[in-house]
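Survey of secondary and tertiary structure
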Amino acid sequence: MAIRSSKILRKLRPVLVFRHVGSLGIAIFVCFGLYGIYEFFFEELPTHKVEFYQANTTAPFPFKDHGERVVSQYMQVGEILPNCGLDFVCPHNHFPVHIFSGKGKDDMPKICVSGKYVIQKDINNGGRGMNMVVVDSHRMKAVNARRFDTYAMDSSEMELFLMREVRDGDILIGLTFDEASRNLGAMAKNLLADLGSSQIQNLQFRDQWYTVTQRGIDGFSPYETLKPSKGGLWSPIDEHFCVPRQLKGRKIMPDPNVMQNDARAKFCKEHTYIAEFCSVDQRNTPLRPAILTNRQLVGSPMFSTPIMVIAGESLSSLTLTLETILSQPGIQPRYVVVIYNPELVKDVPELCRLFGFSYKAISEKHYFKILELTFETAHALFPGSLYVTVLEEGLLLSPDFLAYSATVLPLLHDPTILAISAWNANGFLNVSTRPDLVYRTEDFPGQAFTIRMATYFKEMKPNMIQCCSKRGWEGWLEFGRWEREIVVPDISRVLRRPVGPDLEPVTPLVHALFHRLRATNLEITAQISGADLLSAERYESHLATKLNSSSTRMIRASKETVVKCAETESVESLHLNLKNSKPEVLVLAYKEQDVADFNGMKLLCRCFGLFFEDHSPPWGLHRGLLRFTMKGNEMILLSNRSPLFVIPPFNGTKLILP
C-alpha cells in the first residue's frame, strides 16, 4: 500500500510543481498590475528624453557614459550642414555656430550648432520673438531648442525655461526675430543679464539681438550683438563663428559698436538747428537705403522710376523728406533728384551728398516753370524711364509709399487713368480708415504723384502756363483732364508738414485742406486689395456689385437731419450705428435739387467731415458718387447724377438736397 502511494505521489509531483509555478506567476502578475495602477495614479509622469531627429531615424542623447538628461519636450533637428558652413575647422574644445536673424518677416531665423540646424523654418517652432538653444558644453551638442513669442505673449514661460532648463555649465544661444521687445518683461531681461548679457536691457522695437553665453560665466559674454532697427526695418544678423566649451567672460561691459559718419557729423556741426537729424545720438548714424523684403514687388519699374523732389525754403523740412525717402524698402538713391533754388535754400548739395541723392539748382520762382524744369531734368537724366514721380515740398512719406506706388503703377497702362496719387484730399482722420482701399476720382494729382512721361510731353509741355500755374492741390490742368481720372488711396501715403503763415498765406482753401488732422498710413506691410478692379472696364461693375450686395445697408435720412448734421459737423443725428467688428458698406442716396451743380454733395461733405470749402466743388467724386470710410466701414454718397443711381432701392429715395 505504501509502495503504491509513493508511486502515485511520484506521478503527481510534476502536476503539483506546475500548480505552484502557476500560482506564483499569477501572484507576480497581480503585483505588477497593482504597482502599475499605483504608478499611474500617484507617481509623476515620465519626462521626455532628448532625441535628435534625422531623416527617419532617432539618435538618443546623451551617450551612455554621460548619464541621462531630461528636458520638457522633444527637440527636432533640421538641415545637416557640416561645420555649420564655416570654411575652417574649429580649434580643439570649440564647436561651430551659425546665427541668422532673417532679412524680413518671411525669411525665418536659423541657428546651427555643431553642423545641425535646431532653429529653422518649421524646426522647433522657430520664428517671431526669442529663439533659444541650450548646448551641453560637455558634448558640445544642442539639447533643447525653444521659441517664445514675446511680441504676442508675455515672457513668463521663457523665464521658467531660463531658470529650469539652463543648468550650470550649459551654453545658451539666444536670437531675436522680427519683434521681440514688446512683452519682454523685466524679470526675463534680468535673467539674461545674470547669464552674461550686457545688451538685452537696451532691446527696442524690432532691434535684432543675439548672445552666446554660459551659466556660471564670470562677467559679460564676449559673443553678443545688438543691431538697432531703422524706421521699423531691421538690419539682419548673419554670423559664423567658433564657440569654446568654456566661455571666458569680460569684467567690463563692452561698449556697443561705434558708428561713424564723419560727413554727417561735419554737416551737423554747421547745421545744429536741424534738431532730430543732428541730435547727439543720430549725427554719427550711417545713412543706408532700406532693403526690399517684399518679394512680390521685385522687378517693379517703380524702383527705377525717377523721384523728383521739389525743395521749398526750409532745409530742416527737406531733411525730413529725404530721410523718409531713404527708408523706403527698395529705394535706389541714384534715381532721387532734388530740385532747389539756391536763393531760397542753402546747402542742399551737401545734404544730398549725405544721402547719395542727385540735385539740380534752378533760379525759377514761378510754379509752372519749376514743374517744367523738373520734368525736363528727369528726362535728361533718365531718358529711358516711362514714368516720373513728383514730390512737392514739405512732405513726409509713409513707410509703404514705394510699395503702394509699385502695386498700383500698372494702372497707368489704362488710358483713362491720368496719374497715381499718394495723397487723398479727403484723407482726414475720421473719414480715412482703410489702408487697403484705393479709388478712382475726378481730381487733379497733387502733393505726391506718378504720371507717364509721355503725358508731360504730349499734353502738359505745350500748355504749361494754362496747365500748371497752380500747384496740384490748387487744381492745375485747368484746361481739362479729357475725361480721365486719378487713383487715390483711402489713407494718404504722404503727410504735408505745416508751413508757417510767413511762407504760405492761410487762404480758405489752405485752411480747409491742411488745418485739420489727417490720417497717414503707418503700416509698412499694408496690402492693397482689388487694385486691378480700378481699370475702366471693371470699376463700374465693381461698384455695381457693391451696391447690389444684400449686405449693403442704406442710410435713411431726412433733409432736416442732414442739415442739422452739417450745421453741427457731427453725424450723430444720422444714427449710423457703425460697427468695428464686421465692416459694412453703407450708402446714402439723394437727389440734387439742381442737377447742374453739387450743392447737395457739398452739404453732405460738411456733414461727414470731408473736404468742404464754399467756393470749391467737392473733391473725390467719381461720376456723381463719392467714397470714403469710417471705422473701417465703406461709405458711399450716391447722387442722382450717377449712372448707378438707377439701382433699387436707392432710386426710390425721397431725400432732395440742398
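Here the structure is a predicted model, which is why all the values come from computation and not from measurement.

Topic: the overall build of the protein
When helices and strands are tallied, the protein shows 15 helices and 29 strands. Counted over contacts in the protein with a minimum sequence separation of 6, partners at least 24 positions apart contribute 72%. Surface exposure of the protein reaches about 32,600 Å², of which carbon and sulfur atoms provide 55%.

Some remarks on the pairing of strand β19 (residues 417-421)
With five of its five residues buried, β19 lies for the most part within the structure. Sheet topology places β19 next to strand β22 (residues 485-489); three bridges connect them, and they run parallel. Counterpart to Ala 419 in the pairing with β22 is Ile 486.

Here's the deal with unusual backbone geometry
Look at the link from Pro 648 to Pro 649: it is a cis peptide, with omega at 5 degrees. Here Pro 649 lies in the loop between β28 (633-639) and β29 (656-657). Of the consecutive residues Leu 657 and Pro 658, the connecting peptide bond is found in the cis state with omega at 5 degrees. Relative to the helices and strands, Pro 658 resides in the segment after β29. In this model, Asp 347 sits at a positive phi of 60 degrees, which is unusual for a non-glycine residue. Tracing the sequence through the fold places Asp 347 in the loop between β15 (336-340) and α6 (348-355). A positive phi angle, close to 70 degrees, is found at Gln 447, a residue other than glycine. You can see Gln 447 is positioned in the loop between β20 (438-441) and β21 (448-452).

Comments concerning the side chain of Ser 432
Within the fold, Ser 432 resides in the loop between β19 and β20. Apart from the residues lying within four places of it in its own chain, the contact partners of Ser 432 are Asn 426, Gly 427, Asp 490, Ile 491, Ser 492, Ala 519 and Thr 629.

Notes on the state of the cysteines
Going through the model one piece at a time under the given rule, you end up with four disulfides. Each sulfur in the disulfide pair Cys 84 and Cys 112 lies 2.1 Å from the other. Between Cys 84 and Cys 112 the sulfur-sulfur dihedral comes to about -80 degrees; the bridge is accordingly left-handed. Highlighted residues: Cys 84 in the loop between β4 (70-71) and β5 (94-100) and Cys 112 in strand β6 (residues 110-113), separated in sequence by 28 residues. Each sulfur in the disulfide pair Cys 268 and Cys 278 lies 2.2 Å from the other. On the sign convention where negative is left-handed, the bridge of Cys 268 and Cys 278, at about -75 degrees about the S-S bond, is left-handed. Here Cys 268 is found in helix α4 (residues 262-270), whereas its partner Cys 278 is found in the loop between α4 and β14 (307-310), with ten residues between them in sequence. By relative accessible area, which is 3% here, Cys 278 ends up buried.

As for the nonpolar core
With 131 residues, the main nonpolar core has Phe 277, Phe 608 and Leu 638 as its most contacted residues. Setting aside its immediate chain neighbours within four residues, Leu 638 contacts Leu 547, Val 587, Leu 588, Ala 589, Tyr 590, Gly 624, Leu 625, Leu 644, Phe 645 and Phe 650. With 25 residues, the next largest nonpolar core counts Ile 119, Val 135, Ile 171 and Ile 237 among its residues.

Some words on the sheet that holds strand β12 (residues 223-227)
In spatial order, the strands read β9-β8-β10-β11-β12; together these five strands make up an open sheet with antiparallel pairing. Two strands lie at the open edges of the sheet, namely β9 (141-148) and β12, each paired on one side alone. Averaged over all pairs of adjacent strands, the angle between strand axes in this sheet comes to 15 degrees, irrespective of strand direction. Of the pairings in the sheet, the one linking strand β10 (residues 171-177) to strand β11 (residues 208-214) comprises five bridges and is antiparallel in character.

A closer look at the pairing of strand β16 (residues 358-361)
As paired elements, β15 and β16 share four bridges and run parallel to each other. In the strand pairing of β16, Val 338 is matched with Tyr 359. Of the crossover connections in this fold, the one passing from β15 over α6 to the parallel β16 is right-handed.

Section: the pattern of salt bridges
Counted under the stated rule, the structure contains 19 salt bridges. Among the salt bridges present, the one from Arg 440 reaches Glu 485, with a minimum N-O distance of 2.7 Å. Of this pair, Arg 440 sits in strand β20 while Glu 485 sits in strand β22, and the two are 45 residues apart along the sequence. Salt bridges sharing partners connect three or more residues here, namely Arg 128, Arg 147 and Asp 149.

Describing the sheet that holds β19
Pairing between sheet strands relies on hydrogen bonds along the backbone, with the strands arranged either parallel or antiparallel. If you trace the eight strands from one edge of the open sheet to the other, you get β16-β15-β14-β17-β21-β19-β22-β20, paired in mixed fashion. The sheet terminates laterally at β16 and β20, the two strands that pair on one side only. Neighbour to neighbour, the strand axes of the sheet diverge by 25 degrees on average, direction disregarded. Summarising the sheet, β14 and strand β17 (residues 387-391) pair through three bridges and their orientation is parallel.

Cut-offs used in this document
Residues numbered from 1 in each chain as written. Predicted model: local features only at pLDDT ≥ 70, side-chain atom pairs only at ≥ 80, totals over all residues. Heavy atoms only, no water. Helix = DSSP H or I, 4+ residues; strand = E, 2+ residues; numbered from the N terminus. Contact = heavy atoms within 4.5 Å. Areas by Shrake-Rupley, 256 points an atom, 1.4 Å probe, with all protein chains shown as cover. Buried < 20%, exposed > 50% of the residue type's maximum accessible area, 1.4 Å probe, protein only. Pairing = 2+ DSSP bridges. Disulfide = S-S within 2.5 Å. Core = buried A, V, L, I, M, F, W, Y, C linked by side-chain atoms within 4.5 Å. Axes fitted to C-alpha atoms, helices over the stretch in contact; angles between N-to-C directions. Right-handed = clockwise from strand over helix to strand, strands pointing away. Salt bridge = Lys/Arg side-chain N within 4 Å of Asp/Glu carboxyl O.

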